[in-house]
Amino acid sequence: MPDEQVERIIVTVDDQNLSVIQSVVTALQSAGMKVEQVLAVTGIITGEVSQSKLEGLRTVPGVAGVEVDREMQAI
């Protein structure tokens, strides 16, 4: 679908997989995520994914959580 909604996301890697975070990155990319930034020390990976592939990222080995990155604005 060319007009499918893309979400900015934040993926958290579980502590047991911090030492192999690059393999988690590779698996996320294979699952359809466009990785933008990898913060290896904290286990955070940011990027984008189409909505249809979002749920699949939660099943990638080593992933503790996937959150949609919502922009916040001051009032």
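Because the structure is a prediction, the values reported are computed rather than measured.

Peer 1: What should I look at first to understand the overall build of the chain in this one?
Peer 2: Each helix and strand in the chain was counted, giving 2 helices and 4 strands. The N-to-C order of helical and strand elements in the chain reads β-α-β-β-α-β. Against the compact-globule benchmark of 11 Å for 75 residues, the chain has a radius of gyration of 12 Å, which places it among compact chains. Taking the principal axes of the C-alpha coordinates as reference, the chain spans close to 35 × 35 × 15 Å. Each of the 75 residues in the chain was classed as buried or not, and the buried ones make up 28%. At a minimum sequence separation of 6, the contacts of the chain that also span at least 24 residues come to 61%. Working note: accessible area of the chain is about 5,100 Å², and carbon and sulfur atoms make up 51% of it. Of the side-chain charges in the chain, 5 are positive and 11 negative, and the distance between the mean point of each set is 3 Å.

Peer 1: Help me out: how do you make sense of the environment of E4 in this one?
Peer 2: One can find E4 in the segment before β1 (6-13). Only 2.6 Å separates the side chain of E4 from the side chain of S52, close enough to count as a polar contact.

Peer 1: When you look at the side chain of S50 in this model, what are you seeing that I'm missing?
Peer 2: Mapping S50 onto the fold places it in strand β3 (residues 44-50). A relative accessible area of 15% places S50 in the buried class. Filtering out sequence-adjacent residues up to four positions away, S50 remains in contact with E4, Q5 and V6.

Rules used throughout
Residues numbered from 1 in each chain as written. Predicted model: local features only at pLDDT ≥ 70, side-chain atom pairs only at ≥ 80, totals over all residues. Heavy atoms only, no water. Helix = DSSP H or I, 4+ residues; strand = E, 2+ residues; numbered from the N terminus. Rg over C-alpha atoms; globule rule 2.2 N^0.38 Å. Buried < 20%, exposed > 50% of the residue type's maximum accessible area, 1.4 Å probe, protein only. Contact = heavy atoms within 4.5 Å. Areas by Shrake-Rupley, 256 points an atom, 1.4 Å probe, with all protein chains shown as cover. Lys, Arg positive; Asp, Glu negative; His and termini not counted. Charge placed at Lys NZ, Arg CZ, Asp CG, Glu CD. Polar contact = N/O pair within 3.5 Å; in protein donor to acceptor, adjacent residues only side chain to side chain.

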